[in-house]
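Now for the letters of each chain:
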Amino acid sequence: MAKIIVIGAGVVGLGCASYLQRDGHALTIIDRVEPGRSTSYGNAGGIANTFVMPLAMPGLMKKYFKYLIDPEGPVSVRWSYVPQLVPFLWKFFRNCRPERVKHCTEALAAFMPPAYEAWEPLFKDAGLMPLVRHGGGLWLYKDDDALMHDWPFWQGRRDSGLDFIRLNDDELRQSEPHVSRDWKAGIIEPDWHSVANPYDVSAGLAAQLRQRGATFLEEEVLDFEKGPGGVMAVVTNKGRHTADSILICAGAWSHKLAAKLGSAVPLESQRGYHVTLPNAGLETRHLLVVGSAKIAISTLNVGVRIVGASAFPGVDAPADWRQSKMVLAWGKRVLPGLNTEGMTEWFGERPLTPDSLPVMGRSPHFKNVYYAFGHSHMGLTTGGITGRLMAELITHDKPRIDLSPFRIDRDY
């Protein structure tokens, strides 16, 4: 049995800790806030295991420039941050080439399809199965022309062996009667799952880990003590903690910790906003996705949640609540009957790499340090499968898929 410190108590860190605990290891989980209260708190609740296309796609940079000059566009930047963002944008642009898209899609298609399967044993152990919904995901389009404009995205899914169901106007009405008639075409992803509340998932996993002996520390990691055998201890604002192995799952802050261990990572916060409407006055049957607006809508046990925006202000920058107003405006275009009384707003820092691939694997500099971060907006989807793979690597040195496309020292 090894003594392992997991840095990060978001859904990816909790998934990793849960699988490592099942392998018999002693776990300490360190985060600045209580489990699930950071970025993992406010997503739409989707487990979108077929979302295997990278964000960087041919022609996307042109779309981004259009979005930036549109006051209601889904992408925004803090202009004073642009000089720091340029190196990341250049790498992102390079990943829009067809050969890079193919490489990244193949890597994600090898990684993500078993996402729900990997969560299931953890959810059962933690008593979380009542939260799971099996309704699938529904993508909305204005008309068939708009859908066909997005067809390369769907063809990429089909080429990866992942199927979907195309809906006409009448079928869309039957599937989601509250959706505005402005939306006349749709695609259902039948293999998607969702949960009634993403925070309840994190809280339930954390409770199960505690019950089985894991220690949680609400501390900020400042540095590491290094020795001839690797990293000897984690230094926080409250003390020093020794371990046999360290796993860094700190989301959008992970690159700062990796830098202290000799690894430079081009990681940016793709900040997302949400509004939650506890008295919405209606419910959706599916997790809804409006690709043109980069928003998702779901019905949770706390109300209807609308999630979206891709803001690049730099991690820990102040909130820009105009983004949540934009998200709400798009949500009302899709569901015009929404009641906004009692609405709450929130934002989270989604960790994005230029190639849309997470970082997973062992440090090239310290044999007892491992990384699992950079899952962008797919943390809830991939937390379980990431945990299973990292436990296979750390415990047995034999993950079931090739993790080399995800190594921290890859060519981004």
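To be clear, the structure that these remarks concern was listed above.
Predicted model only: the values in this text are computed from it and were never measured.

Things to note about the overall build of the chain
- Check the secondary structure of the chain and you find 12 helices and 21 strands.
- Computed over its C-alpha atoms, the radius of gyration of the chain comes to 21 Å, within 12% of the 22 Å expected for a compact globule of 412 residues.
- Expressed as lengths along the three principal axes of its C-alpha atoms, the size of the chain is roughly 65 × 45 × 40 Å.
- In the chain, which comprises 412 residues, the share counted as buried stands at 60%.
- Relative to all contacts within the chain whose residues are 6 or more apart in sequence, the contacts with residues 24 or more apart total 76%.

Some thoughts on the environment of Leu287
- Mapped onto the secondary structure, Leu287 falls in strand S16 (residues 287-290).
- Classification of Leu287 as buried rests on a relative accessible area of 8%.
- Linking Leu287 and Leu131, residues 156 residues apart in sequence, is a C-alpha distance of 14 Å.
- Among residues more than four places away in sequence, those in contact with Leu287 are Ala44, Gly46, Gly136, Gly137, Leu138, Trp192, Ala296, Ile297 and Ser298.

As for the side chain of Thr105
- Along the chain, Thr105 falls in helix H4 (residues 98-111).
- Setting aside residues no more than four positions away along its own chain, Thr105 makes contact with Val52, Met53, Pro54 and Ser160.

Focus on the nonpolar core
- One finds Val6, Phe111, Trp139 and Leu247 to be the most contacted residues of the largest nonpolar core, which totals 76 residues.
- The contact partners of Trp139, leaving out residues within four places of it in the chain, are Phe51, Phe153, Trp154, Arg157, Ala185, Gly186, Ile187, Glu189, Trp192, Val289 and Gly291.
- Grouped together as the second largest cluster of nonpolar side chains are 28 residues, Val275, Ile306, Val327 and Leu328 included.

Some points on the sheet that holds strand S9 (residues 193-195)
- With antiparallel pairing, three strands are arranged side by side in an open sheet as S3-S9-S5. If you trace the sheet from one side to the other, it starts and ends with strand S3 (46-47) and strand S5 (132-133), each paired once.
- Across two bridges, S3 lies against S9 in antiparallel orientation. Across the sheet, residue Gly46 finds its bridge partner in S9, namely Ser194.

Side note on the sheet that holds strand S11 (residues 221-227)
- With antiparallel pairing, the three strands of this open sheet are ordered in space as S11-S12-S13. If you trace the sheet from one side to the other, it starts and ends with S11 and strand S13 (239-242), each paired once. Within this sheet the neighbouring strands show an average axis-to-axis angle of 30°, counted without direction.
- Sheet topology places strand S12 (residues 230-236) next to S13; four bridges connect them, and they run antiparallel. Along S13, the bridge assignment pairs Val235 with Arg240.

Quick word on empty space enclosed by the protein
- As enumerated under the stated definition, the model contains two cavities of 30 Å³ or more in all.
- The space that makes up the largest cavity amounts to roughly 120 Å³.
- As for the largest cavity, its lining consists of 15 residues, of which Leu108, Ser356, His375, Ser376 and Met378 are closest to the centre.
- Size it by volume and the second largest cavity reaches roughly 70 Å³.
- Taken together, Ser18, Gln21, Arg22, Leu122, Asp125, Ala126, Leu205, Gln208, Leu209 and Arg212 make up the full set of residues lining the second largest cavity.
- Contributing elements (two or more residues each) for the lining of the second largest cavity: helix H1 (11-22), helix H5 (115-125) and helix H9 (198-211).
- Of the residues assigned to the lining of the second largest cavity, the class counts are four nonpolar, three polar and three charged.

What counts, and at which threshold
- Position labels on residues start from 1 in each chain and follow its written sequence.
- Given that this is a predicted model, residues contribute local features only at a pLDDT of at least 70 and side-chain atom pairs are listed and counted only at 80 or more, while totals for whole chains, interfaces and linings are drawn from all residues.
- Hydrogens and waters are ignored; side-chain quantities use all the structure's heavy atoms.
- Numbering of helices and strands runs from the N terminus; a helix is a DSSP stretch of H or I covering at least four residues, while a strand is a stretch of E covering at least two.
- When we talk radius of gyration, it's over C-alpha atoms, and the globule rule is simply 2.2 Å times the number of residues to the 0.38.
- Burial here depends on accessible area, computed with a 1.4 Å probe over protein chains only, as a share of the maximum for the residue type. Under 20% is buried, over 50% is exposed, and the range in between is partly exposed.
- Should any heavy atoms of two residues lie within 4.5 Å, those residues are counted as being in contact.
- Side-chain atoms within 4.5 Å are what join buried Ala, Val, Leu, Ile, Met, Phe, Trp, Tyr and Cys residues into a set we call a nonpolar core.
- Paired strands, in this sense, are two strands between which DSSP finds at least two bridges.
- Comment: axis = line fitted to C-alpha atoms, over the contacting stretch for helices; angle = value between 0 and 180 degrees taken between N-to-C directions.
- Definitions used for this entry: grid spacing 1 Å over protein atoms alone; cavity, a set of points where a 1.4 Å probe fits but cannot get out; pocket, an open set with protein on both sides within 12 Å along at least 5 of 7 lines; lining residue, one with an atom within 4 Å of a point.
- Grid points are joined across faces, edges and corners, and a volume is the space filled by probe spheres set on the points.
- Residues are grouped as follows: Ala, Val, Leu, Ile, Met, Phe, Trp, Tyr, Cys and Pro are nonpolar; Asp, Glu, Lys and Arg are charged; every other residue, Gly included, is polar.

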